[in-house]
Amino acid sequence: MLKLIFWLLLLANAALFAMQKGYLGALYSDGREPARIGKQLQADKIKLVASDAAPAATAAANASAPAAAGAPAAADLAPVACTEIGNFSASEARRFSSQLAERTPNLKFVRREIQEVASHMVYLPSLGSKEAADKKSDEVRRLGINDFFVIQDSSALRYGISLGIFKTDEAAQKQVASLAKRGLSGAKVGTRSVSSSKVAFQLRDMGGDAKLAFDKIKTDFPTQEVRSCP
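Since we're looking at a predicted model, the values are computed, not measured.

Draft legend 1. Fine view of the nonpolar core. Val122, Leu124, Leu163, Leu179, Leu184 and Ala187 are the most contacted members of the largest nonpolar core, which totals 15 residues. For this core, the secondary structure elements donating two or more residues are strand 2 (108-124), helix 5 (130-142), strand 4 (161-166) and helix 6 (169-181). Sequence-distant contacts of Ala187, defined by excluding residues within four places in its chain, comprise Val122, Tyr123, Leu124, Leu163, Val176 and Leu179. If you look at the next biggest cluster of nonpolar residues, it comprises 14 residues, including Phe96, Leu100, Leu203 and Met206.

Below you can see the structure in the form of structure tokens.
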């Protein structure tokens with residue numbers, strides 16, 4: 001019996017010694033063994049190494065990124081076959097051509113005289129006599145049309161009927177179509193008066209530096225229309 005107790009105590013002491021030395025760490029761990037602590041990473045000795053991939057990627061992105069938005073370079077502006085700007089009064093035309101010759105001496109341009117139509121009249125042609133004009137006027141009223149008058153001057157339209165004055169031909173044509181829908185046929189559009197001559201400029205093969213210069217010049221003439229050549 002004493003021998004058994006002796007061997008048990010000896011085994012217990014041996015086991016305790018092995019645990020203290022960490023020999024049993026593979027079989028048992030309480031999170032505090034010295035060997036485990038010794039194997040932990042030493043954070044104060046960790047060094048960060050910059051990767052060459054990031055700068056390379058940034059450089060590649062910058063190289064492939066489109067250029068910042070801004071004014072187009074002169075070389076990017078393809079020549080335009082023909083551009084027209086107008087319509088200028090005589091004094092405005094002189095000022096525009098002077099700036100054009102100063103800033104774009106090699107640019108080809110043509111000066112074009114234009115007669116501007118001041119207004120358009122919708123009318124019924126002359127009915128030949130006052131009696132016929134009055135009879136037609138009654139028919140027009142019965143259609144619910146009251147905005148008209150019998151032309152009394154000595155022109156070829158005497159005893160015709162005016163059905164409205166319009167600034168543009170488009171507006172006058174719309175009135176003709178509207179009257180036809182209401183039952184009044186035969187209305188026409190004629191020029192009522194013509195203004196003094198105007199000037200337009202046609203600029204040919206304009207591109208590059210000339211186009212940039214033209215864009216700057218036209219800011220001094222904001223009311224002028226830029227359009228394709230007719």
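The structure having been displayed, the exposition proceeds.
Draft legend 2. A look at helix 5. With 13 residues, helix 5 extends 19 Å from end C-alpha to end C-alpha; this agrees with the ideal 18 Å at 1.5 Å per step. Among the residues of helix 5, Ala133, Ser137 and Val140 are the ones counted as buried. Down the axis of helix 5, the smallest arc covering the buried residues is 60°, so these residues share one side. In helix 5, those exposed residues whose orientation departs by more than 90 degrees from the buried face are Glu131, Lys135 and Arg142. Where helix 5 is buried, its residues touch strand 2, strand 3 (149-150) and strand 4.

Draft legend 3. Structural detail: the packing of aromatic side chains. In this structure the tally under the stated criterion is six aromatic pairs. Aromatic ring contacts, followed pair by pair, group Phe88, Phe96, Phe109, Phe201 and Phe221 into a single cluster.

Draft legend 4. Spotlight on the packing of helix 4 (residues 90-103) against helix 7 (residues 208-218). Between helix 4 and helix 7, the least distance of the axes is 10 Å, while the angle of their chain directions is 150°. Between helix 4 and helix 7, the interaxial angle falls into the category roughly antiparallel. Considering only the axes of helix 4 and helix 7, their crossing is right-handed. Together, Phe96, Gln99, Leu100 and Arg103 of helix 4 and Ala213, Phe214, Lys216 and Ile217 of helix 7 make up the contact between the two elements. A class-by-class count of the residues in the contact of helix 4 with helix 7 yields five nonpolar, one polar and two charged.

Draft legend 5. Local environment of helix 6. Between its terminal C-alpha atoms helix 6 stretches 19 Å, which fits the 18 Å expected from 13 residues at 1.5 Å a residue. For helix 6, the full list of buried residues reads Ala172, Val176 and Leu179. When helix 6 is viewed along its axis, its buried side chains cluster within an angular range of 65° and face the same direction. Projecting away from the buried face of helix 6 at angles above 90 degrees are the exposed residues Glu170, Lys174 and Lys181. Count one or two residues on from helix 6 and you reach Gly183, which has phi positive near 105°.

Draft legend 6. Inspection of unusual backbone geometry at higher detail. Cis geometry is found at the peptide bond from Gly86 to Asn87, where omega equals 10°. Structurally, the position occupied by Asn87 is in strand 1 (residues 80-88). Here the phi dihedral of Tyr159 falls at roughly 70°; this positive angle occurs in a residue that is not glycine. By the secondary structure assignment, Tyr159 is in the loop between strand 3 and strand 4. Although it is not a glycine, Asp205 sits at a positive phi angle of roughly 50°. The residue Asp205 is located in strand 5 (residues 188-206) in this model. Since its relative accessible area comes to 52%, Asp205 is described here as exposed.

Draft legend 7. Region of the structure containing the side chain of Ser137. Take Ser137: it is sitting in helix 5. On the basis of relative accessibility, which here comes to 4%, the residue Ser137 falls in the buried class. With residues up to four places along the chain from it excluded, the contact list for Ser137 reads Phe148, Val150 and Ile161.

What counts, and at which threshold
Residues numbered from 1 in each chain as written. Predicted model: local features only at pLDDT ≥ 70, side-chain atom pairs only at ≥ 80, totals over all residues. Heavy atoms only, no water. Core = buried A, V, L, I, M, F, W, Y, C linked by side-chain atoms within 4.5 Å. Buried < 20%, exposed > 50% of the residue type's maximum accessible area, 1.4 Å probe, protein only. Helix = DSSP H or I, 4+ residues; strand = E, 2+ residues; numbered from the N terminus. Contact = heavy atoms within 4.5 Å. Expected span 1.5 Å × (residues − 1). Arc of directions from axis to C-beta. Phe/Tyr/Trp six-rings, centres within 6.5 Å; stacked < 30°, edge-to-face > 60°. Axes fitted to C-alpha atoms, helices over the stretch in contact; angles between N-to-C directions. Parallel < 35°, antiparallel > 145°, perpendicular 65-115°, else oblique. Left-handed = near helix turned anticlockwise from the far one by under 90°. Nonpolar A, V, L, I, M, F, W, Y, C, P; charged D, E, K, R; others polar.

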